[in-house]
Amino acid sequence: MAENPGGQNHDSLRQLAQTHKRDNALLAKLGYKSEFKRAFSPIHTIGFAFSIMGVCASVSATFFFPLMTAGHLGMTFGWIIPSLFVVCVTLSLAELTSAMPTSAGLYYFSAKLAPPEYAPLLSWITGWANVTGQILLVCSIEVVNAQMITIAISISTDGRINLGPGPTFGIILASLFSHSIICASNSRILAKISLFTGFINVGTTISTAIALIVVPGSNRTPARDAFLLMENNTGWGNNPWAFILSFTGAMWVLTGYDAAAHISEEISDASRAAPLAMITGVVGTEILGAFLLIGASFASSNITRIVNSPFSLPMGQVYLDTFGKKGMLAVWSLCIIVQWVNGITQGVDASRVTFAIARDNGLPGSRWWKQVHPYTKTPVYAVWLVMCISAIIAVLVWSNTALSSLAGATVVGLYSSYAIPILLRITYGHKTFKPGPFNLGRWSRPIGIIAVLWALFVSVVLLFPLNPHIKSSNDMNYAVVIVLGVFMLSSLSWILSARKWFRGPVPNITEDEVAKATALENDRDDETMAGAYEKGSTEDSSERISESKEQ
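The model shown is predicted, which means the values in this text are computed figures rather than measured ones.

**Here we look at helix α20 (residues 479–501)**
Over its 23 residues, α20 extends 31 Å from the first C-alpha to the last, a length consistent with the 33 Å expected when each residue adds 1.5 Å. Taken together, the buried positions of α20 are occupied by Ala479, Ser490, Trp494 and Ala498.

Written out as structure tokens, the structure reads:
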């Protein structure tokens, strides 16, 4: 009996090694050699997908948008409606990731699905939009975490200490420094952190949502009002339009889920695990986020009081009113932890995109950013580049108006990069696309059409200010400035230089290395078939052979 566990462990290790051979063979066929450790198991990848959206922290951070635009209706249906459309975007991206699991992700998809003569340009546009959105999201997460910490300090000292922009910027720099160290660590460490925090994230969200409904008692909002009462605190006189603007909060939270694609070279059984994590992370976040916002709606019986809260994040006022000082600080501390880890996962995501573009020589100084550290097996220089750029952008902490514009610019950048490869998948690339294990089949085009239209819709909506009566610079939504600035920069760089040398994804593996990786995969198939014949009946063996060939 003592030998069996050891034998099972040996079989598991052999199966894992065989899975990695298959992953590396597929990556070689896509044009790249394996440079990372595949330390993310399917369950670790799901934990990573949950962590990158950080439900309890992210919803608490973006509560301002539904609160201001539509009140209770914005908290409930302002979350539910965009969630339904985001599922379509997720399914389309999951299908592409399953077929082409590489860190390059979206811009690689665009290059392979576009007409050959336009592939470099479309790849360039997608890459710039995605990396811009990724870095802006890193900065947004760090700023929100710093705001959470300053609110916690203010409440714990009963308002005696209120940190200004200077100290807040210092907190941001300290957080970025800690993340630059951890994001450059071994992938195994990152996998364990994301899985552990995934449990904290889910547990905190569920318990807080229940408490928000139960604790207020008779003071909670009536059920009908909690779901349907519209309270427009914007300057827009059109209530339906104000309600549409409430989607901003949901769209900021439901971003970054393409991270599963960008870490696919670090995932075991990537063509299956990455799309599964992507879908599980988004659907799970949508369900938990709806639950938490419904709880917040029940607890927000006085919208006017919360809107006029002195806190930069009004959800802090909801927690304080509901749980008291100690209870609020307990929940808020967990949100800070989740948000801090959210910064880690997003930092990993952004650094892998940066690495992948540099690997294809698409960035100035690419020879540095594409290097993988020989010990950690992670792109250390790319991590530091992302953190340094985020620190520069974080100077906007001195302007609350500019900071609020980051949310819109982040979503526009990311969803533009989502829309381009999906559009190519359902148009020019429809006949040439070779699906992976996860395939939408005949539903691919209808779902893709919905996904593209939604991405275009929210990209326009999020450029509008919450108040149309612009009397000063404080009323502006600078998202359009950020987006146009990046568009102009990328366009000029293409016209003046990149069109002469950028060719999209560049293979960094020789034909001999591809053949070797494929041979190793074939060896695995032969071993599996031989083991099947040795084990028993002809019927069982035939099934094993069939499964092996399909893989």
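**Structural notes on helix α3 (residues 55–62)**
Of all eight residues in α3, eight are buried; the element is thus mostly enclosed. Within the sequence span of α3, burial applies to Val55, Cys56, Ala57, Ser58, Val59, Ser60, Ala61 and Thr62.

**Some thoughts on a nonpolar patch on the surface**
Side chains of Leu84, Phe85 and Ile450 sit close together on the surface and give an oily, nonpolar patch of about 260 Å² of accessible area. Tracing the sequence through the fold places Phe85 in helix α4 (residues 64–99).

**Some details on the packing of aromatic side chains**
With the rule as written, the count across this model stands at 24 aromatic pairs. Aromatic pair Phe243 and Phe247: ring centres 5.4 Å apart, planes at 75°, arrangement edge-to-face. Owing to a relative accessible area of 6%, Phe247 belongs among the buried residues under this scheme. Ring geometry for Tyr319 versus Phe323: centroids 6.0 Å apart, planes at 25°, classification stacked. Separated by four residues within a single helix, Tyr319 and Phe323 lie in helix α15 (residues 315–359), roughly one turn from each other. Judged by relative accessible area, which is 0%, Tyr319 ranks as buried.

**Some words on the nonpolar core**
Formed by 149 residues in total, the largest nonpolar core has its most connected members in Tyr257 and Tyr415. Here the element with the most residues in this core is α15; it accounts for 19 residues. The residues contacting Tyr415, other than those within four sequence positions of it, are Val86, Val89, Met251, Leu254, Thr255, Tyr257, Ala455, Val458 and Ser459.

**So, the packing of helix α8 (residues 187–214) against α15**
Put simply, α8 and α15 touch, their axes get as near as 10 Å, and they point 150° apart. In terms of axis orientation, α8 runs roughly antiparallel to α15. For the pair α8 and α15, the sense of crossing is left-handed. Across from Ser187, Leu190, Ile193, Ser194, Thr197, Ile200, Asn201, Thr204, Thr208, Ala211 and Leu212 in α8, the residues of α15 making contact are Val318, Tyr319, Thr322, Phe323, Val331, Leu334, Val338, Val341, Ile344, Thr345, Val348 and Arg352. Of the residues that constitute the contact of α8 with α15, the class distribution is 14 nonpolar, eight polar and one charged.

**Thoughts on the packing of α4 against helix α13 (residues 270–299)**
It is at 9 Å that the axes of α4 and α13 come closest, and there the two elements cross at 180°. Between α4 and α13, the angle falls in the class roughly antiparallel. Of the residues belonging to the contact of α4 with α13, the class tally is 16 nonpolar, 10 polar and one charged.

**Quick look at the pattern of salt bridges**
This structure, assessed with the given rule, holds eight salt bridges. Residue Glu95 pairs with Arg425 through a salt bridge whose shortest N-O separation is 3.4 Å. With a gap of 330 residues between them, Glu95 in helix α4 and Arg425 in helix α18 (residues 400–426) connect regions that are remote in the sequence. Neither Glu95 nor Arg425 differs from the other in exposure class; each is buried. Residues Arg160 and Asp158 are paired through a salt bridge, measuring 4.0 Å at the closest nitrogen-oxygen approach. Each member of the salt-bridge network shares a partner with another, and the members are Arg22, Asp269 and Arg272.

Conventions adopted
Residues numbered from 1 in each chain as written. Predicted model: local features only at pLDDT ≥ 70, side-chain atom pairs only at ≥ 80, totals over all residues. Heavy atoms only, no water. Helix = DSSP H or I, 4+ residues; strand = E, 2+ residues; numbered from the N terminus. Expected span 1.5 Å × (residues − 1). Buried < 20%, exposed > 50% of the residue type's maximum accessible area, 1.4 Å probe, protein only. Patch = residues over 30% accessible without salt bridge, like charges linked within 9 Å, V, L, I, M, F, W, Y side chains within 5 Å. Areas by Shrake-Rupley, 256 points an atom, 1.4 Å probe, with all protein chains shown as cover. Salt bridge = Lys/Arg side-chain N within 4 Å of Asp/Glu carboxyl O. Phe/Tyr/Trp six-rings, centres within 6.5 Å; stacked < 30°, edge-to-face > 60°. Core = buried A, V, L, I, M, F, W, Y, C linked by side-chain atoms within 4.5 Å. Contact = heavy atoms within 4.5 Å. Axes fitted to C-alpha atoms, helices over the stretch in contact; angles between N-to-C directions. Parallel < 35°, antiparallel > 145°, perpendicular 65-115°, else oblique. Left-handed = near helix turned anticlockwise from the far one by under 90°. Nonpolar A, V, L, I, M, F, W, Y, C, P; charged D, E, K, R; others polar.

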